Amino acid sequence: MRKVLSILLLIGLRVSSQNALFIPDTLVGTNFNLSMHEDSVQFFAGNISHTYAYNNNHYLGSTLIFNKWANVTINVTNLIKDTTTVHWHGLHVPSKWDGGTYSPILPGGTWHPQFTIMNNAGTYWYHPHPDMKTAEQAIKGAAGLIIIRDSVEGALVLPRKYGVDDFPMVVQCQQYDSMNQAMPRGMEDSTLLVNGTMNPYLNVPAQMVRLRLLNASGERVFNFGFTGNMQFYQIASDGGLLDAPYLTTRVRLAPGERAEVVLNLVGMMGQQFNLMSYGSELSMGIQGGPTMPMPPGNPPMDSPLNGIDYNIMQFNVVAQTVGAVTTIPSVLTSNNPIAESSANITRTIRFTADSAMVMDGPFYFNDSSFSMMRIDYRIPINSIEIWKLVNETMVAHPFHIHDVQFFILDRNGVAPNPNELGRKDVVLVPPGDSVRFITKFTDFTDSIVPYMFHCHILMHEDDGMMGTFVVLDSSAFLGVKQLNNNNGLTVYPNPATTELRITNYELGIKQLRIYNVLGEEVQSATITSNQSTVNISQLANGIYFVRIITESKTYNQKVIKQ
Ligand code: C2O
Ligand code: CU
Ligand code: CU
């Protein structure tokens, strides 16, 4: 027997016994220490797999629990031999503490971000974001979950005992090479991990059970469901609670996306079921769906899991706990999405590639590759914006933006499914589709450190499918200090539709310039009288900055054209 086993080990047979699902420990409070280190895991017989992990874990990191409005400090120490960063995915924080590509932590260094938790209760996560190395570090295990709690969610009768009736579920599909090492660009991914556990099972009590699903894969989209098309409630999307539980049988999550679901297991003691991905139902071009024939010159994308329905993990229903939650409320919160009519501007972001045949990248936004030296958008603080995402490539891309949560307005002109109605920070855009979302850039300005937006397929991001933006207060925006307008100068009406009137009590000729939100001059005039009218009917609706230059002073005023 021993001989047979060692022969099996020698030929690298991948042993598939079941393992209890690993539940990461939690860190709570207002001061947190995270140290990223090198580690290893015996995922397979034969060679160990080299990993990255945080704190005492061998793979992934502790779950951080934050309370809304708490001021937290996090000390992030880099114990690996490479530069890293830690990004708080989904959190609304100042750009200098956002942990994007612009905040490197050198080997041996410690970074001390501090910020107030402003997001709603929900499931968020953290992961590295170093320039061109996000895939390599995240795929080796550098990621962890964040749970935010608040008074709205806390007042609801919902399962929230971590590891008892409320479970973290960090789901990944990876490709390992013949030496058992993770392949950051592996598109033949077939090793499924939940919380870093291979072939997991979990005992769950016969009551309402909450699962916090995160797709932390490099590229695969999961079409989650349970055996027998068991119904479940989706209660939250990326940025927290939906208005009401949504009874469904599927939740599709692209890399970066989260969903909280509640399973009603009352009366099911002794039964078993599986979490599955129904890949056969994904449309062509979505990673994990049916594989398309590859054009010559492209690497293979023929994972055995593509286009099929497969098991991810097993659940065994065991006895109810004391004080079990056995029903859930029918109303959860009210998200009050931003009205489309309040938008100041629409920005169009086309997903592009060098040619229409490209399936593995590089991909771009509006034909340009990421540059740390370039600011793509300069956004005035409190700007309400519609971003229109147009996928002109052959594959689906999960678009993610830092700083804000957004509301999806429509997909190809049609209102989103109920499960995408809440606050979102990632949205999957299949080939040929266009998605519009609306958001507001509030609270934080910084003219130096940009935020980023990118595709959350990690190799696409590393290959340059990423852009930057800064949020500026309106005076910094024009590079001139905003003067108060009580100096006898009035620009009205505001909002304006067809004309602007300028009244002033200063003598002399004045120059009037109107700039759009990109800082481009769109109109100019010379004002000679103390009561002038400027026709603006040809300007598109949106925010403008009106600058009036007298001999001695410059006045700025923000005006909305509608
Ligand atoms: Cu999880 Cu910039 O991303
Ligand atoms: Cu992010
Ligand atoms: Cu992409």
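All of these numbers come straight from a predicted model, not from anything done at the bench.

Draft legend 1. Examining the environment of H37 more closely. The residue H37 is located in strand β3 (residues 31-41) in this model. Remark: the alpha-carbon pair of H37 and N180, spanning 143 residues in sequence, is separated by 19 Å. Apart from residues lying up to four places away in sequence, H37 is in contact with T51, Y52, A53, Y54, N55, N57, L79 and I80. Within the structure, H37 has its side chain in polar contact with the backbone oxygen of N55 (distance 3.3 Å).

Draft legend 2. A look at the environment of A45. Summarising the element assignment, A45 is placed in the loop between β3 and β4 (49-54). On a C-alpha basis, the gap between A45 and N180 in space is 8.9 Å, while along the polypeptide they are 135 residues apart.

Draft legend 3. Expanded view of the sheet that holds strand β26 (residues 377-380). What the five strands build is an open sheet, ordered β26-β33-β32-β28-β30; its pairing is mixed. A strand with exactly one partner marks an edge of an open sheet, and here the two such strands are β26 and β30 (426-429). Taking each pair of neighbouring strands and ignoring which way they run, the sheet shows an average axis angle of 25°. Examined bridge by bridge, strand β32 (residues 451-455) and strand β33 (residues 466-472) share four bridges and lie antiparallel to one another. From the neighbouring strand, H454 faces β33, where its bridge partner is M466.

Draft legend 4. Highlighting the sheet that holds strand β40 (residues 554-561). Read from one edge to the other, the open sheet built from four strands follows the order β37-β36-β39-β40, with strand pairing classed as antiparallel. Of all strands in the sheet, those bounded by a partner on one side alone are β37 (521-527) and β40. Neighbour-to-neighbour, the strand axes of the sheet open up by a mean angle of 20°, direction not taken into account. Both strand β39 (residues 542-549) and β40 contribute to a ladder of eight bridges, which runs antiparallel. From the neighbouring strand, I543 faces β40, where its bridge partner is I560.

Draft legend 5. Highlighting the nonpolar core. Judged by nonpolar contacts, the single largest core of 34 residues is most densely connected at I349, W387, F399, I401, F453 and F469. When residues no more than four places from it in sequence are discounted, the contact partners of I349 are F365, N366, Y377, W387, K388, L389, V390, F399 and F453.

Draft legend 6. Focus on the pairing of strand β27 (residues 384-391). With seven of eight residues buried, β27 lies mostly within the body of the structure. With seven bridges joining them, strand β24 (residues 345-353) and β27 adopt parallel strand pairing. Its bridge partner being in β27, R347 is matched across the sheet by W387. Where β27 lies against strand β31 (residues 434-440), seven bridges are found, and the strand directions are antiparallel. When the sheet's bridge partners are listed, V390 is paired in β31 with S434.

Draft legend 7. Focus on the coordination of the copper ion (ligand 3). For the copper ion (ligand 3), every protein donor is listed as H397 (ND1), C455 (SG) and H460 (ND1), and the spread of their distances is 2.0 to 2.1 Å. Positions of the donor residues of the copper ion (ligand 3) along the chain correspond to the pattern H-x57-C-x4-H. Placement of H397 in strand β28 (residues 397-401) and of C455 in strand β32 is noted, with a sequence separation of 58 residues between them. By relative accessible area, which is 0% here, H397 ends up buried.

Draft legend 8. Main features of the coordination of the copper ion (ligand 2). The copper ion (ligand 2) binds to the protein through H87 (NE2) and H400 (NE2), with metal-donor distances spanning 1.9 Å. Linking H87 in strand β7 (residues 87-89) with H400 in strand β28, this pair joins segments that are 313 residues apart in sequence. Like H87, the residue H400 is buried in the burial classification.

Draft legend 9. Examining the domain arrangement of the protein chain more closely. Annotation of the protein chain at the domain level lists domain 1 (340-476) and domain 2 (477-561). For domain 1 and domain 2, the distance between their C-alpha centroids amounts to 31 Å.

Draft legend 10. Region of interest: empty space enclosed by the protein. With the rule as written, the count across this model stands at four cavities of 30 Å³ or more. Of the pockets and cavities examined, the second largest cavity occupies roughly 90 Å³. If you trace the second largest cavity, you find 15 residues lining it, with I139, M183, P184, G186 and G218 closest to the centre. Of all the secondary-structure elements, those providing two or more residues to the lining of the second largest cavity are α2 (134-139), β12 (166-174) and α4 (458-462). Residue classes in the lining of the second largest cavity are distributed as eight nonpolar, four polar and three charged.

Draft legend 11. Local environment of the packing of aromatic side chains. The tally for this structure, following the rule as stated, stands at 32 aromatic pairs. Relative to Y126, the ring of Y54 lies with its centre 5.2 Å away and its plane at 65°, an arrangement referred to as edge-to-face. Here Y54 is found in strand β4, whereas its partner Y126 is found in strand β10 (residues 122-127), with 72 residues between them in sequence. By the burial criterion, Y54 is buried, and Y126 matches it. A centroid spacing of 6.0 Å and a plane angle of 55° characterise the contact between W88 and F115, whose relative ring orientation is tilted. In this pair, W88 is assigned in strand β7 and F115 in strand β9 (residues 114-116), connecting sequence segments 27 residues apart. For the pair W88 and F115, a shared accessibility class is recorded, and that class is buried. Each residue in the set F351, F365, Y377, W387, F399, F406, F437, F441, Y451, F453 and F469 is aromatic and connected to the rest through ring pairs, giving one cluster. The ring of Y52 has K140 sitting right over it, with the charged end atom 4.5 Å from the ring centre. Sitting over the face of the ring of Y278, R250 holds its NZ or CZ atom 3.5 Å from the ring centroid.

Here is what the cut-offs are and how they apply
- Residues numbered from 1 in each chain as written.
- Chains lettered and ligands numbered in written order.
- Predicted model: local features only at pLDDT ≥ 70, side-chain atom pairs only at ≥ 80, totals over all residues.
- Heavy atoms only, no water.
- Helix = DSSP H or I, 4+ residues; strand = E, 2+ residues; numbered from the N terminus.
- Contact = heavy atoms within 4.5 Å.
- Polar contact = N/O pair within 3.5 Å; in protein donor to acceptor, adjacent residues only side chain to side chain.
- Pairing = 2+ DSSP bridges.
- Axes fitted to C-alpha atoms, helices over the stretch in contact; angles between N-to-C directions.
- Core = buried A, V, L, I, M, F, W, Y, C linked by side-chain atoms within 4.5 Å.
- Buried < 20%, exposed > 50% of the residue type's maximum accessible area, 1.4 Å probe, protein only.
- Donors = N, O, S within 2.8 Å, 3.2 Å for Na, K, Ca; no water.
- Domains from an automatic or database assignment.
- 1 Å grid on protein atoms, 1.4 Å probe; cavity = no way out; pocket = protein on both sides within 12 Å on 5 of 7 lines; lining within 4 Å.
- Points joined across faces, edges and corners; volume = space filled by probe spheres on them.
- Nonpolar A, V, L, I, M, F, W, Y, C, P; charged D, E, K, R; others polar.
- Phe/Tyr/Trp six-rings, centres within 6.5 Å; stacked < 30°, edge-to-face > 60°.
- Lys NZ or Arg CZ within 6 Å of the ring centre and 35° of its normal.

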